[in-house]
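Observations on chain architecture
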Amino acid sequence: MEQLITCWAGQADLDGEDGDIQQNVGGDVLLRVREEVEWRPEERLASLMLGERGPRAVVDAVDGREGAFDQIDHQEDLVDPRHLSDRGEVDRGQSPRSPSPPPALERMTLPLQNADISSVLLVGGEGRVCATGSQDMEVKLWDLQVGSRGTLLRALGGQGWVVCLAYRGPLLASGSLDSTVRLWDLEAGGAARGLIRTGFPPYCLSFQTDVLLAGTCHNRINMYDTRVAEPLVKSLRLHSSHSDDVKCLAADDKYIISGSTDCTVAVYDRRAGKALKKLQLSSFLSSMSYSGSEVWAGDDRGMLHAFSMQAGVFKHLSQFDVGHTSWITGIHSSPGSLYTCSGDHTVKVHLPSAPPRTLCTLLQQDWVSGLSVEAGVLAVATRSFWLSRVQVWRPRR
């Protein structure tokens, strides 16, 4: 199991600004957490971390409700912006709490941007660099190790609204609505390394060890070899699988799994070179994450879907209501953690069980356009009226 849980006894909010945390975990779960981690009473802090480090989720150490972990808190006033104060707090009408120990996480807010951020991605390992793609046609690289609000390393210019990013060292790929994918060498300071014309605007990218995949308009997935001058390897016209735009995709060396705005999910067998499976849903998938044999995806109604991919058999296991009230704009999964964000102004941290167990909810003032998780660092992009921000949570240094 992979997770990093921080217990901060009796403290409901991380601080009194945008990014407040609402707990969703009961005392029975806290007991199990305490049995698995080293508890340090003097700091009221515990962390559980196996495998990839994930952002700490604050849980209420004094909440003793029986079975509360299995009951996701769906109170609408926690996500409705009408119930948020000017600082982004949930207006609970409660008296101030007594002073509490400093949290184990620190939060950094990058400088505001006067452009709509569509994509955010932590790159380079250890969550040290954050890349953003936005409406101003630029990819910005931020050093998260320098300065209290990060430092802009470089702005990489293009010719179209940047809507998706993908990374496999040292190359960063950015997809734009001008029907191009640009390649940037981060080991060379972000130097341009190539321009790929996709034919149609790309909505999603996935970097594999051998190819770069781009899902585009008109039911197409393009496969590129970024090492050669003519990078197009194959263009998959998925007429038998999708009849509309490819909105999200995930892949490994065997399969490509894609979701379309026509409410279908398709699996392509890379080795056999043919479509393997097609599923029809009642909503379309807007984001997807593939880890091991598990596929988690969020849809345009705020529902979370679980699929399995084992021995060439793809199954839709179930769908879950985890409390999102608008479409899920970003998702990250790994063997022990699951992160989702939504247009309902929330980010949620879950355990990837059936049903998912929601550990906490990060409240935001604005539409959440995406998230990225790397080495215990969480980056979240929000936007409102062409003014965007990126907030980063990471272990306190």
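Everything numeric here is computed off the predicted structure, so don't read it as measured data.

The next thing to look at is the overall build of the protein. Regarding its fold elements, the protein presents one helix and 31 strands. In the protein, of all internal contacts separated by at least 6 residues, the share reaching a separation of at least 24 is 52%. Surface exposure of the protein reaches about 16,700 Å², of which carbon and sulfur atoms provide 47%.

Another point: the sheet that holds strand S11 (residues 180–185). The strand order across the open sheet built from four strands is S9-S10-S11-S12, with neighbouring strands paired in antiparallel fashion. The sheet is open, and its two borders are formed by strand S9 (162–168) and strand S12 (191–197), each paired with just one other strand. Averaged over neighbouring strand pairs, the angle between their axes works out to 20 degrees when direction is ignored. Here six bridges tie S11 to S12, and the two strands are oriented antiparallel to one another. Considered in S12, the bridge of Arg182 is made with Leu195.

Pairing between the strands of a sheet comes from backbone hydrogen bonds, and it takes one of two forms, parallel or antiparallel. A sheet is described by the order of its strands in space; here four strands give the open sequence S4-S31-S30-S29, paired in antiparallel fashion. In this open sheet, the two strands that pair with only one neighbour each are strand S4 (105–109) and strand S29 (367–374). Shown here is a sheet whose adjacent strand axes are inclined to one another by a mean of 20 degrees, direction ignored. Taken together, the seven bridges between strand S30 (residues 377–384) and strand S31 (residues 387–395) define a ladder with antiparallel strand orientation. Residue pairing across strands places Thr382 opposite Arg389, the latter belonging to S31.

What follows is about unusual backbone geometry. If a residue is not glycine, its phi is most likely negative; likewise, a peptide bond is most likely trans. Residue Gly169 is joined to Pro170 through a cis peptide bond whose omega torsion reads 5 degrees. Within the secondary structure, Pro170 sits in the loop between S9 and strand S10 (171–176). Along the chain, Ala354 connects to Pro355 via a cis peptide bond; the corresponding omega equals 0 degrees. Mapping Pro355 onto the fold places it in the loop between strand S27 (346–351) and strand S28 (357–363).

What follows is about the nonpolar core. Ile257, Val265, Leu285, Met288, Phe307 and Phe314 are the most contacted members of the largest nonpolar core, which totals 16 residues. Contributing elements (two or more residues each) for this core: strand S17 (246–251), strand S18 (255–260), strand S19 (264–269), strand S21 (285–291), strand S22 (294–299) and strand S23 (304–310). At three residues, the largest contribution of residues to this core is made by S21. Of all hydrophobic cores here, the second largest spans 15 residues; its members include Leu351, Cys360, Val368 and Val373.

This brings us to the pattern of salt bridges. As enumerated under the stated definition, the model contains nine salt bridges in all. Notably, a salt bridge pairs Asp116 with Arg383, separated by 3.2 Å at the nearest N-O pair. With Asp116 in the loop between S4 and strand S5 (117–123) and Arg383 in strand S30, this residue pair connects regions lying 267 residues apart in the sequence. For Asp116, a relative accessible area of 11% gives the class buried. What makes Arg383 partly exposed here is its relative accessible area of 26%. The salt bridge involving Arg271 is made with Asp253; its shortest N-O contact spans 3.4 Å. Of this pair, Arg271 sits in the loop between S19 and strand S20 (274–280) while Asp253 sits in the loop between S17 and S18, and the two are 18 residues apart along the sequence. For Asp253, a relative accessible area of 46% translates into the label partly exposed. A single salt-bridge network, built from bridges that share partners, covers Asp136, Glu138 and Lys140.

Reading the values: rules and limits
Residues numbered from 1 in each chain as written. Predicted model: local features only at pLDDT ≥ 70, side-chain atom pairs only at ≥ 80, totals over all residues. Heavy atoms only, no water. Helix = DSSP H or I, 4+ residues; strand = E, 2+ residues; numbered from the N terminus. Contact = heavy atoms within 4.5 Å. Areas by Shrake-Rupley, 256 points an atom, 1.4 Å probe, with all protein chains shown as cover. Pairing = 2+ DSSP bridges. Axes fitted to C-alpha atoms, helices over the stretch in contact; angles between N-to-C directions. Core = buried A, V, L, I, M, F, W, Y, C linked by side-chain atoms within 4.5 Å. Buried < 20%, exposed > 50% of the residue type's maximum accessible area, 1.4 Å probe, protein only. Salt bridge = Lys/Arg side-chain N within 4 Å of Asp/Glu carboxyl O.

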